[in-house]
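Here is what each chain is made of, one letter per residue.
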Amino acid sequence: MLEIAELLTEYDRARTYTDELWRDLSTEELHWRPRQDFSPIGWHLGHQAHVAHFMIRNLTAAEPSPAPDLDGVMDSANPEAHRLPLPDPRRIADFRSTVAERVHARMNAIGAGTVGAPAQLTIVAQALLTALINHEYQHDRWIGEVRNRDLGHPLPDDPTSDRITTVDGYLVVCGWNP
């Protein structure tokens with residue numbers, strides 16, 4: 001398995017790629033739906049962070065949500081009609097940043113062994129980070145398709161790392177050394 005520090009580097013790489021996909025889009029573009037039953041790009045951005053924190057807090061640290069008011073909006077278990085109103089771009093960026101800080105803090109604590117059951121939590125953390133990275137890339141694929149096909153913006157270059165591969169058209173990171 002890749003070490004936690006290596007996976008955090010890949011997590012940051014995935015988040016940087018996500019930022020390249022959306023930071024130049026307008027609020028209108030972030031809130032636009034290609035179809036009535038599709039979530040807008042802004043929702044996907046919040047959902048990526050929501051899932052990251054939900055997984056961290058439920059699998060490794062029972063900490064409260066950094067944005068309880070967004071939990072229902074960003075949860076994919078809720079029907080499309082309940083995924084509104086979307087926050088503005090600044091709030092989305094702040095939420096994503098706060099969650100990334102929490103991911104780093106908890107994963108670094110696990111990596112340093114300053115938690116109860118550090119060996120067991122290391123195994124959980126490695127699998128969890130791999131899932132979070134691949135979930136980020138999963139939604140990046142959709143964001144990129146809408147950005148390019150529907151909104152007419154060019155796509156950034158794919159991130160480069162010897163740990164990234166493509167499976168079924170999706171960027172993925174394997175949690176083990178290839």
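Residues numbered from 1 in each chain as written. Predicted model: local features only at pLDDT ≥ 70, side-chain atom pairs only at ≥ 80, totals over all residues. Heavy atoms only, no water.

**Student:** How would you sum up the overall build of the protein? Please name residues and give values.
**Tutor:** Per the secondary structure count, the protein includes six helices and two strands. Ordered by position from N to C terminus, the α and β elements of the protein give α-α-α-α-α-α-β-β. Whereas a compact globule of 178 residues would reach a radius of gyration of roughly 16 Å, the protein reaches 16 Å, a difference of no more than 12%. A burial count over the protein gives 47% of its 178 residues as buried. By sequence separation, contacts in the protein at least 24 residues apart represent 75% of the contacts at least 6 residues apart. When the accessible surface of the protein is totalled, it reaches about 8600 Å², and 53% of it is carbon and sulfur. Here the protein holds 16 positive side-chain charges and 26 negative ones, and the gap between their average locations is 3 Å. (Helix = DSSP H or I, 4+ residues; strand = E, 2+ residues; numbered from the N terminus. Rg over C-alpha atoms; globule rule 2.2 N^0.38 Å. Buried < 20%, exposed > 50% of the residue type's maximum accessible area, 1.4 Å probe, protein only. Contact = heavy atoms within 4.5 Å. Areas by Shrake-Rupley, 256 points an atom, 1.4 Å probe, with all protein chains shown as cover. Lys, Arg positive; Asp, Glu negative; His and termini not counted. Charge placed at Lys NZ, Arg CZ, Asp CG, Glu CD.)

**Student:** Requested: an account of the nonpolar core, with residues and values cited.
**Tutor:** In terms of nonpolar packing, the biggest core is built from 44 residues, with Ile41, Val103, Met107 and Tyr137 touching the most fellow members. Where this core is concerned, the elements lending two or more residues are α1 (4–22), α3 (41–59), α4 (68–74), α5 (89–112), α6 (118–150) and β2 (170–173). Among the elements that line this core, the one with the most residues is α6, at ten residues. Setting aside anything within four residues of it in sequence, one finds Met107 in contact with Ile4, Leu8, Ile56, Thr60, Ala125, Leu128 and Leu129. (Core = buried A, V, L, I, M, F, W, Y, C linked by side-chain atoms within 4.5 Å.)

**Student:** Explain the pattern of salt bridges residue by residue, including any values.
**Tutor:** Counted under the stated rule, the structure contains eleven salt bridges. Put simply, Arg149 and Asp150 hold a salt bridge, and the shortest N to O gap is 3.0 Å. Each of Glu6, Glu10, Arg13 and Arg163 takes part in a single network of salt bridges with overlapping partners. (Salt bridge = Lys/Arg side-chain N within 4 Å of Asp/Glu carboxyl O.)

**Student:** Report on the packing of α1 against α5, specifying residues and quantitative values.
**Tutor:** Helix-helix packing: each pair is described by the crossing angle between the helix axes and the interaxial distance. Relative orientation of the contacting elements α1 and α5 amounts to 175°, with a least axis distance of 10 Å. Taken together, the axes of α1 and α5 lie roughly antiparallel to each other. Among the residues making up the contact of α1 with α5, the classes are represented as twelve nonpolar, five polar and four charged. (Axes fitted to C-alpha atoms, helices over the stretch in contact; angles between N-to-C directions. Parallel < 35°, antiparallel > 145°, perpendicular 65-115°, else oblique. Nonpolar A, V, L, I, M, F, W, Y, C, P; charged D, E, K, R; others polar.)

**Student:** Please provide a residue-by-residue account of unusual backbone geometry, values included.
**Tutor:** Phi at Ala117 takes a positive value of approximately 55°, unusual for a residue other than glycine. Note that Ala117 resides in the loop between α5 and α6. By relative accessible area, which is 45% here, Ala117 ends up partly exposed. Phi is positive for Asp168, close to 55°, though the residue is something other than glycine.

**Student:** Quick one: what's the story with the pairing of strand β1 (residues 164–167), residue by residue and with numbers?
**Tutor:** Pairing of β1 with β2, which is carried by four bridges, proceeds in the antiparallel orientation. Each residue of the ladder has a partner; that of Thr166, found in β2, is Leu171. A loop of two residues connects β1 with β2, the two strands running antiparallel in sequence, and Asp168 in this loop sits at a positive phi of about 55°. (Pairing = 2+ DSSP bridges.)

**Student:** Would you mind going over the environment of Glu3 in detail, with residue names and values included?
**Tutor:** As for its placement among the helices and strands, Glu3 is situated in the segment before α1. Glu3 gets classed as partly exposed once you look at its relative accessible area, which sits at 49%. As for Glu3 and Phe95, which are separated by 92 residues in sequence, their C-alpha atoms are 26 Å apart.

**Student:** Got a sec to walk through α3? Specific residues and values, please.
**Tutor:** The terminal C-alpha atoms of α3, which comprises 19 residues, lie 27 Å apart, in line with the 27 Å expected from a rise of 1.5 Å per residue. Of all 19 residues that make up α3, 15 are buried, and the element is covered over most of its length. (Expected span 1.5 Å × (residues − 1).)

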